[in-house]
Amino acid sequence: MFKKVAFLIVLATMVLTACQPAAVPTEAAKPAAPAAATEAPAAAPTEAPAKVWTYADMTVGFLQTGSEGGWRAANSASFKETAEQLGINLKFYDSQNDLAKQVAGFQQFIEDPEVDVIVMSPLEVTGWEQVLKDAKAAGKPVILSDRRIDGFEDYYVTFIGADFVEEGRKAGTAMCELLKDSATKNVWELVGNVGAAPAIDRGKGFRETAEACGITVTKSQTANWSIKEGKEVTEAWLKETKDVQGIFGQNDEMAFGAIEALKEAGLVPAVDVKLISVDATSGAFQAMLDGTLNGAIECNPLLAPQVYEAALAALNGETLPKWIPSQESEFYMDDPNLKEIAAGRKY
Ligand code: AHR
């Protein structure tokens, strides 16, 4: 009997223990409660893949300065011909060398729903704050072609164009070489339109190297890139004095005007008075072959392929350097290969 009772006590103890939850360790190690049954998270909304632009998708609004000479004609042709080759829809705006018109054209492209990217060859380095801010607000990339502006680097994608200061330095170095045996080194400078980057920068670069070899720039005046004004300004100076050993034309056309004025004053261009110009258009090669121009520093107008490539990259969200310099050379009358070089030129 006792044994039976003892067995029952042991049995009861065992049963009760088994039902007791495990001693709760100091640490709460309770098995995690089964996760409440929740719905699978909704799939993240699938965003449409970003559009990948192609040239055929692109409408470019191009603000050209005007049509002031051979360089500009080649530059405009580059934009029109390359757009056709690439299948780009080009909206070409001729600012007629009028800053107010160029700003108005810029605003027009901002408001034009068809225009995806704006390209500008700015007539002057200032005057762009409002339209640049408006273009950014409208989400339209801006690319500078040919000429830089002052500041606002956060408001344009890139500047594709020449180092105008270096062009000026090259012209000064060439003039130093031409006048190295001259007792006096008085040089006149025909300047582009006031406020234009090439006018400002070429003048700066020219003085850096020319003055280092003893040249004095005794006269300097705008002739607005033109043959007519280049001739008129030089004629007026020649009426004052003929004590000039060199003329620096900041572009070919102004140098051509100076050449005409020198001839009419009885002076032999490139001999009595040395001449250096910038651009190296076909007219400059002809003047060098004629023996009336001593040298031409190249400024490359065929920028459209690089500009359109940058525009497409910008639309596809790529980051570009703030300046993509164009590659350029220099040419001189006494180069024995000048005729062959001229024959191979595109402009
Ligand atoms: O911006 C380039 C300059 O513009 C060229 O040197 C000149 O011919 C044109 O007017």
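One can find the structure itself at the top, above this paragraph.
One structure accompanies this document, and this report is about it. (Residues numbered from 1 in each chain as written. Predicted model: local features only at pLDDT ≥ 70, side-chain atom pairs only at ≥ 80, totals over all residues. Heavy atoms only, no water.)

1. Quick look at the site of the ligand
Neighbouring the ligand are the residues Glu68, Trp71, Arg72, Asp146, Arg147, Phe164, Pro198, Arg202, Trp225, Asn251 and Asp279. Within the contact set of the ligand, an oxygen atom lies 2.8 Å away from a side-chain nitrogen or oxygen of Arg202. Burial of the ligand by the surrounding chains reaches 99%, relative to a free accessible area of 290 Å². Of all the secondary-structure elements, those providing two or more residues to the shell around the ligand are α2 (70-86) and α6 (197-210). (Near = heavy atom within 4 Å. Polar contact = N/O pair within 3.5 Å; in protein donor to acceptor, adjacent residues only side chain to side chain. Areas by Shrake-Rupley, 256 points an atom, 1.4 Å probe, with all protein chains shown as cover. Helix = DSSP H or I, 4+ residues; strand = E, 2+ residues; numbered from the N terminus.)

2. A look at the nonpolar core
If you look at the biggest cluster of nonpolar residues, it comprises 31 residues, and the most contacted ones within it are Leu190, Ile247, Leu262, Leu275, Met288 and Leu293. Where this core is concerned, the elements lending two or more residues are β6 (186-191), α7 (227-240), α8 (252-264) and α9 (282-290). When residues in this core are grouped by element, the largest group, seven residues, is from α8. Apart from the residues lying within four places of it in its own chain, the contact partners of Leu262 are Leu238, Ile247, Leu267, Pro269, Val273 and Leu275. Counting 23 residues, the second largest nonpolar core, distinct from the first, contains Val117, Leu303, Tyr308 and Ala313. (Core = buried A, V, L, I, M, F, W, Y, C linked by side-chain atoms within 4.5 Å. Buried < 20%, exposed > 50% of the residue type's maximum accessible area, 1.4 Å probe, protein only. Contact = heavy atoms within 4.5 Å.)

3. Remarks on the sheet that holds strand β9 (residues 274-279)
The strand order across the open sheet built from six strands is β7-β6-β8-β9-β10-β12, with neighbouring strands paired in mixed fashion. Every other strand in the sheet has two partners, leaving β7 (216-222) and β12 (330-332) as the edge strands with one partner each. Strand after strand, the sheet turns through a mean of 15 degrees between neighbouring axes, direction not considered. Relative to β12, strand β10 (residues 295-298) runs antiparallel, the two sharing three bridges. Paired with Gly295 across the bridge in β12 is Tyr332. Sheet contacts for helix α5 (residues 164-178): β6, β8 (246-249), β9, β10 and β12; angle to β9, the most-contacted strand, approximately 160 degrees. (Pairing = 2+ DSSP bridges. Axes fitted to C-alpha atoms, helices over the stretch in contact; angles between N-to-C directions.)

4. Quick look at the pairing of strand β1 (residues 59-64)
Sheet faces and side chains relate simply in a regular strand, where the side chains alternate between the two faces. Burial analysis of β1 places six of its six residues in the buried class, the great majority of the element. Judged by which residues are buried, β1 turns out to be covered on both faces: Thr59, Gly61 and Leu63 on one side and Val60, Phe62 and Gln64 on the other are all buried. Looking at chain direction, β1 and strand β2 (residues 89-94) are connected through six bridges and run parallel. Within the sheet, the bridge partner assigned to Gln64 lies in β2 and is Asp94. Each parallel crossover has a hand, and the one from β1 via α2 to β2 is right-handed. As judged from the four bridges shared by β1 and strand β3 (residues 117-120), these two strands associate in the parallel manner. If you follow Leu63 over to β3, its bridge partner there is Met120. (Right-handed = clockwise from strand over helix to strand, strands pointing away.)

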